[in-house]
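Here are the chains, one letter per residue:
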Amino acid sequence: MAKAKKQTPLMQQYNTIKAKYPGALLLFRVGDFYETFGEDAVKAAGILGIVLTKRGNGTESETALAGFPHHSLETYLPKLVRAGQRVAICDQLEDPKQTKTIVKRGVTELVTPGVSYNDNIVQQKANNYLASIFNDKGQCGVAFLDISTGEFLVAQGSANYVDKLLQGFKPTEIILPKKQYKDFSEQFGTQYYTYTLDEWPYTGDYATETLLRHFEVKSMKGFGIDRMPLGTLSAGVALHYLNETEHRNLQHISNISRIEEDNHMWLDRFTIRNLELIGSTNENAATLGDILDETASPMGARLLRRWIVMPLKDLKSINERLDIVAYFYSNREIRDELIKEIKQVGDLERLISKIGLQKANPREITQLKRALYAVEKLKALTNQEASDALRVISEQLDVCEIIRDKMEQTLQAEPPVALNKGNVIADGVNDELDKLRKVAFGGKDYLLEIQRRESEATGIPSLKIAFNNVFGYYLEVTNTHKDKVPASWLRKQTLVNAERYITEELKEYEEQILGAEEKIQAIENRIYAELLLDIAAYIKPIQLNAQLIAKLDVLLNFALIAERNYYVKPQLSEGKVLDIKGGRHPVIEKHLPIGEDYITNDTLLDPETQQIIIITGPNMAGKSALLRQTGLIVLMAQIGCFVPAKEASIGLVDKIFTRVGASDNLSSGESTFMVEMNETASIMNNLSDRSLILLDEIGRGTSTYDGISIAWAIAEFLHNHPFARAKTLFATHYHELNELTNSMTRIKNFNVTVKEMNNKVIFLRKLVPGGSEHSFGIHVAKLAGMPAKLIARANEILKRLEQERTGGEQIKDSMRKIQKQAYQLQMFAIDDPVLEKIRDMLNNLDVNTLTPVEALMKLDEIQRLLKN
Ligand SMILES: Nc1ncnc2c1ncn2[C@@H]1O[C@H](COP(=O)(O)OP(=O)(O)OP(=O)(O)O)[C@@H](O)[C@H]1O
């Protein structure tokens, strides 16, 4: 009790608020500062590098304290959030001047990694999704919500499917019920930032209620998500969470749509990772996303990322995209003009979201206005006779003239960023504002005017206006002219040779000027708020504009990239043959050493005659590159992009599976081989008639025999599958697999060629029919800088193995022999008579009785032996 008594009212208020937001770091506004206390202060000081001090030194209520000026919030907030903090911003809810007791305070926003729209926190070119997940007996509902763009998506399916969506959407925060956390982390790993909620919002009724209230509808049927009850539940909880984090102005979340599993090509999470589509385990590696991104707007960049992980499988939609790209490809002038205008648009999607959130500043409104002018130009430019698809876009673009003109008229041409800096609203919008401005800012002129007028009226030439703190503005008259002073003036002060008067007009002016600045601020605020409300009525059409422009941007970008990188338009069909001529790897070709050309390759896969290709070839020959480029070319075609090839005709692919390279998953405690088998099992269980399967060295993570057996059985399984002849590229070091063609007609052997010249291997990188015999692995080891002795020994072992390679038992025998030798593989394992002699000499020495001179002589002897 004694302690409680000592608490100041401020700290009491702080503690009450702090208790409401467990787990959050509380920024507590006191005057012009945001303060943090106790543990929060220690954390904040550590993350922000600000000074940690103490409050109430020596008293019982002593606490750590760290703060920063309120205007630095923009700088410090992102740092805290990026460091993984949930930050509650507590503001003063009333004007301190208007209250005699303690100022009312409350949290106005809780910023978390997944619920952020601050430009300094979210990435420009990536969405910032909050994911909400709910699992019910193996079925998962998931919702993705980006508060910074207003996008809201729902999906439902197996845990595997949701895993794949998480890989593609890369949410910055995932919320889920507390009870499900353990299962979640086992299923999806621990790499995500998660936040767990109590169970109670997770009831169908509550979640649906929340959605209905938000969208102001009677039923969710119109959004087409009613068939996804778990997805809907997750979506409802996502909105609930926004409410919990004090985000209530959400008009810009104007739509919710489902992610239709059936509309998109299936890329499992391994494929997204293995093909390095938008991210790579290697920080510095370029991804397909990097190579394909020359977009002109952040919206385009974000849409591109989404397209890359969600390729289409519907011929009509793909061709629609390809046709527009082709049009831009051959109409460069229009393309350049469109790109120029799109650059003017900026991030329209996030701008309009800020209107919804009521957080848009005056500069941003000016940018919004500028964007709408650009929309007008884009509308005209896309109205092209020659392209129906472009005309459809043109028709949908909405210039929103009325609101654009309103912004133009209401705001100054170049307003400041902050509303409270003043001079935001244009002149001529509001009479009172104009008058007050004249008073407040034209003060000097106004006073001179009074002085001139009164001097003339009274005939006092030396009349002077001045100000003092006691009675404000006054007129000063020297004693010579005292008798000319009108009766209406009120004498206030008599000096030795002058007198000071005030007048009714001066008093009025003074009152005006004193209140003017505050009044100006109030009027500007009011007009600005009205303008924001007016703009909010246009959220939907402006969002549609943003989507159309993003799409245009990506398609223009595809045309631009196609021209720059010499891509061609792929021919897509309902057929099942994949025929690529002169294909290249889009990423590797960009990163070859200067002067080196990428060697192109043809790939033909035909379920009738050449369903599976076994590719052998030495290490480093380019097998993996070939596999990946095939997958990437198909994927690029199906997102509507031209492809790196001379020609490509592609029968629609519905799933791409890859098992490329060893993906060590040590951090999650799984063995490499287990991961490999997991990935392969998922392929075998999910393949279809239109699948493309890329297998790279399956089975290499275990013993040779196990490996060959598994690889063999996989090839057989794929070949003999009852209904799905999945097209497969199978790279392997097991030359034994070349035997498969003897019994299976649709399996063909190819190899990536090399040439051996003067004991050196030259990589030709051409894919040709037939198997290959050598791996040249030792050669690669040599290139990698292994010690020469080690290489010599490896060659020796290899030679012996090859000589004795007539059957399994023999191999084992020779391995046994080799192993025996290996124990002796010490310094003198090489049978060189000189070395043997030296060994014997050394062995016969008795070091204990050797004098230094004798030792030197022995050394000399050894040296001479070696020299001879
Ligand atoms: N067609 C090509 N033209 C030019 N360079 C290529 C080509 N293919 C591959 N390369 C280069 O060769 C390197 C090795 O290729 P890749 O990894 O595909 O070999 P690999 O046969 O799969 O080897 P390993 O069996 O050791 O995994 C690539 O990183 C790339 O730089």
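See the structure printed just above.
On a predicted model such as this, the values are computed, not experimentally measured, just so you know.

Cut-offs and rules
Residues numbered from 1 in each chain as written. Predicted model: local features only at pLDDT ≥ 70, side-chain atom pairs only at ≥ 80, totals over all residues. Heavy atoms only, no water. Patch = residues over 30% accessible without salt bridge, like charges linked within 9 Å, V, L, I, M, F, W, Y side chains within 5 Å. Areas by Shrake-Rupley, 256 points an atom, 1.4 Å probe, with all protein chains shown as cover. Salt bridge = Lys/Arg side-chain N within 4 Å of Asp/Glu carboxyl O. Lys, Arg positive; Asp, Glu negative; His and termini not counted. Charge placed at Lys NZ, Arg CZ, Asp CG, Glu CD. Helix = DSSP H or I, 4+ residues; strand = E, 2+ residues; numbered from the N terminus. Buried < 20%, exposed > 50% of the residue type's maximum accessible area, 1.4 Å probe, protein only. Pairing = 2+ DSSP bridges. Axes fitted to C-alpha atoms, helices over the stretch in contact; angles between N-to-C directions. Contact = heavy atoms within 4.5 Å.

1. So, a negative patch on the surface
Here comes step 1: Among the surface-exposed residues, Glu94, Asp95, Glu517 and Glu518 lie close enough to one another that they form a single negatively charged patch.
Here comes step 2: Tracing the chain through its elements places aspartate 95 in the loop between β5 (87-92) and β6 (105-111).
Here comes step 3: With a relative accessible area of 36%, aspartate 95 lands in the partly exposed category.

2. Examining the sheet that holds strand β7 (residues 130-136)
Pairing between the strands of a sheet is mediated by backbone hydrogen bonds and can be parallel or antiparallel.
Here comes step 1: With respect to topology, six strands assemble into an open sheet ordered β11-β10-β7-β8-β9-β12, the strand pairing being mixed. Edge positions in the sheet fall to β11 (194-197) and β12 (257-258), since each of these pairs with one other strand and no more.
Here comes step 2: Summarising the sheet, strand β9 (residues 151-158) and β12 pair through two bridges and their orientation is parallel. Residue pairing for β12: leucine 153 is matched across the bridge by serine 257.

3. Details of the pairing of strand β1 (residues 25-30)
Strand residues, when the strand is regular, have side chains that alternate between the two faces of the sheet.
Here comes step 1: Of all six residues making up β1, five are buried, and the element is well covered by its neighbours.
Here comes step 2: Relative to strand β2 (residues 33-37), β1 runs antiparallel, the two sharing three bridges. By the bridge assignment for β2, valine 30 is matched with phenylalanine 33.
Here comes step 3: Here β1 folds back onto β2, and the loop between the two strands holds two residues, one of which, glycine 31, carries a positive phi near 60 degrees.

4. Notes on unusual backbone geometry
Peptide bonds are, in most cases, trans, and in most cases residues other than glycine have a negative phi.
Here comes step 1: Phi at glutamine 358 is positive, roughly 60 degrees, even though this residue is not glycine.
Here comes step 2: Phi angles above zero are rare outside glycine, and asparagine 423 is one such case at about 55 degrees.
Here comes step 3: Looking at the element boundaries, asparagine 423 is found in the loop between α17 (401-410) and α18 (431-441).

5. What to know about the sheet that holds strand β17 (residues 498-502)
Here comes step 1: Taking strand neighbours across the sheet as the criterion, the four strands line up as β14-β15-β17-β16 in an open arrangement whose pairing is antiparallel. One side of each edge strand has no neighbouring strand; the edge strands of this open sheet are β14 (464-468) and β16 (490-494). Between one strand and the next, the sheet's axes are offset by a mean angle of 40 degrees, whatever the strand orientation.
Here comes step 2: When strand β15 (residues 472-478) meets β17, the two strands line up antiparallel, connected through four bridges. Across the sheet, the residue bridging to threonine 478 is alanine 498, located in β17.
Here comes step 3: Packing of helix α20 (residues 504-536) onto the sheet brings it into contact with β14, β15 and β17, and relative to β15 it is tilted by some 150 degrees.

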